[in-house]
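# Survey of secondary and tertiary structure
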Amino acid sequence: MQAAKKAVALAAVEHVKPGTILGVGTGSTVNEFIDALAARNIDLAGAVASSEATAERLKAHGYDMLDLNSCGSLELYIDGADEANPELQLIKGGGAALTREKIIAAASQQFICIADDSKLVNVLGEFPLPIEVIPMARSYVAREIVKLGADPEYREGKRTDNGNEIIDCHGFTIDDPLTLESTINDITGVVTNGLFAARPANLLLLSDEKGSVRTVTAASNQ
Ligand code: 5RP
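These notes cover the structure that comes with them.

## Looking at the nonpolar core
Counting residues in each nonpolar core, the largest one holds 27 residues, and the members touching the most others are Val16, Leu22, Phe33, Leu37, Leu44, Ile78 and Ile114. At the level of elements, α1 (2-13), β1 (21-24), α2 (28-39), β2 (46-49), α3 (52-60), β3 (74-79), β6 (108-116) and β12 (203-207) are the ones that each hand at least two residues to this core.

## Observations regarding α1
Between its first and last C-alpha atoms α1 spans 17 Å; for twelve residues at 1.5 Å apiece the expected length is 16 Å, and the two agree. Within the sequence span of α1, burial applies to Ala4, Lys5, Ala7, Val8, Ala9, Ala11, Ala12 and Val13.

## Focus on the sheet that holds strand β5 (residues 90-91)
The strands making up a sheet are joined through hydrogen bonds of the backbone, oriented either antiparallel or parallel. Read across the sheet, three strands follow the order β4-β5-β11 without closing on themselves; strand pairing throughout is antiparallel. Two strands lie at the open edges of the sheet, namely β4 (83-84) and β11 (195-196), each paired on one side alone. As paired elements, β4 and β5 share two bridges and run antiparallel to each other. If you follow Glu83 over to β5, its bridge partner there is Ile91.

## Observations concerning helix α6 (residues 177-185)
The complete set of buried residues in α6 reads Pro177, Leu180, Glu181 and Ile184. One face of α6 carries all of its buried residues, which in axial projection span an arc of 105°. As for α6, its buried residues are in contact with α4 (98-106), β7 (129-133), α5 (138-147), β10 (190-193) and β11.

## Details of empty space enclosed by the protein
Within this structure, the stated rule accounts for one cavity of 30 Å³ or more. By volume, the largest cavity is sized at about 30 Å³. Residue lining of the largest cavity: Ser50, Ala96, Ala97, Leu98, Thr99, Arg100, Glu132, Thr160, Asp161 and Asn162, and that is the complete set. Broken down by element, the residue count for the lining of the largest cavity peaks at three residues, all from α4. The residue inventory of the lining of the largest cavity, partitioned by class, reads three nonpolar, four polar and three charged.

## As for the environment of Gly80
One can find Gly80 in the loop between β3 and β4. Along the backbone, Gly80 and Thr192 are 112 residues apart, and their C-alpha atoms lie at a distance of 18 Å. In this view, Gly80 contacts Val30, Lys92, Cys113 and Ile114; residues no more than four positions away in its chain are not counted.

## So, the site of the ligand
Around the ligand, the structure places 16 residues, and the nearest of them are Ser28, Thr29, Asp82, Gly93 and Lys119. At 2.8 Å from an oxygen atom of the ligand is found a main-chain nitrogen or oxygen belonging to Gly93. In the model, an oxygen atom of the ligand is placed 3.1 Å from a nitrogen or oxygen of the Glu101 side chain.

What counts as what
Along each chain, residues carry numbers from 1 onward, in the same order as the chain's sequence is written. Totals for whole chains, interfaces and linings use every residue, but because this is a predicted model, local features are given only for residues with pLDDT of at least 70 and side-chain atom pairs only at 80 or more, for both listing and counting. Excluded from the side-chain calculation are hydrogens and water; included are all heavy atoms of the structure. Among buried residues, those of type Ala, Val, Leu, Ile, Met, Phe, Trp, Tyr and Cys that are joined through side-chain atoms within 4.5 Å constitute a nonpolar core. The classification of residues rests on relative accessible area computed with a 1.4 Å probe and restricted to protein chains. Under 20% of the type maximum is buried, over 50% is exposed, and intermediate values are partly exposed. Put simply, DSSP H or I for four residues or longer makes a helix, DSSP E for two residues or longer makes a strand, and each gets a number counted from the N terminus. In a helix, the anticipated span is given by 1.5 Å times the number of residues less one. Pairing between two strands is assigned when DSSP locates at least 2 bridges connecting them. The arc in question is traced by the directions running from the helix axis to the C-beta atoms. In what follows, residue pairs with any heavy atoms lying within 4.5 Å of each other are defined as contacts. With a 1 Å grid laid over protein atoms only, a set of points is called a cavity when a 1.4 Å probe fits there but cannot get out and a pocket when it is open yet has protein on both sides within 12 Å along at least five of seven lines; lining residues have an atom within 4 Å of a point. Grid points are joined across faces, edges and corners, and a volume is the space filled by probe spheres set on the points. Amino acids are sorted into nonpolar (Ala, Val, Leu, Ile, Met, Phe, Trp, Tyr, Cys and Pro), charged (Asp, Glu, Lys and Arg) and polar (every other residue, Gly among them). The near set for a molecule or strand comprises every residue that places at least one heavy atom within 4 Å of it. Polar contacts, as used here, are pairs of N or O atoms within 3.5 Å; protein pairs need one atom able to donate a hydrogen and one able to accept it. Residues neighboring in sequence count only if both atoms are side-chain atoms.

Rendered as structure tokens:
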């Protein structure tokens, strides 16, 4: 698994233009990417990080952190995923950074997703769908999720970087990711959910355990 992460991280570095401002996601694959970026001495005008953990890692390598509000639109965002379907719609949020990730993805012209090939599925939903909720709304949101047919589980003890809580939803079979994304986001108290369907990835770099990397584009673009 680690070899696959390293290989896809290295492949992603090839897409980074030196001197630009880069959006950087969160997770173990992205950590490999950050280390590969630094090892290759890729100079950036700065980075916008999707989590405190990513910001700390980038800073440790000497990269400057920027506030998205002062950057305008970003050329490129690189991030991992928990699941991806052939349309490059994703489930994210395993690392609880989904809201900042979704904001940076929305504000970026290109979103390259990096993952090992176990993450590619035909139908999203085997990975429990994370939802970031305002703490006082947690039980209410959970009851609404039950009405939608899934089984909500409180990620006990976890606070997001925004001070909120996470509910992981088991049992959704997500054959219409766009509709489910907006239905869940319409529940009062939801900050956002981990479906990236309205803003999918533009490219998916997938690696196998042997380190061979392939580039996947959305099935409907082929
Ligand atoms: C964090 C995320 C990550 O991108 C996702 O969990 C994948 O992480 P990893 O690269 O460790 O498998 O969405 O909120």
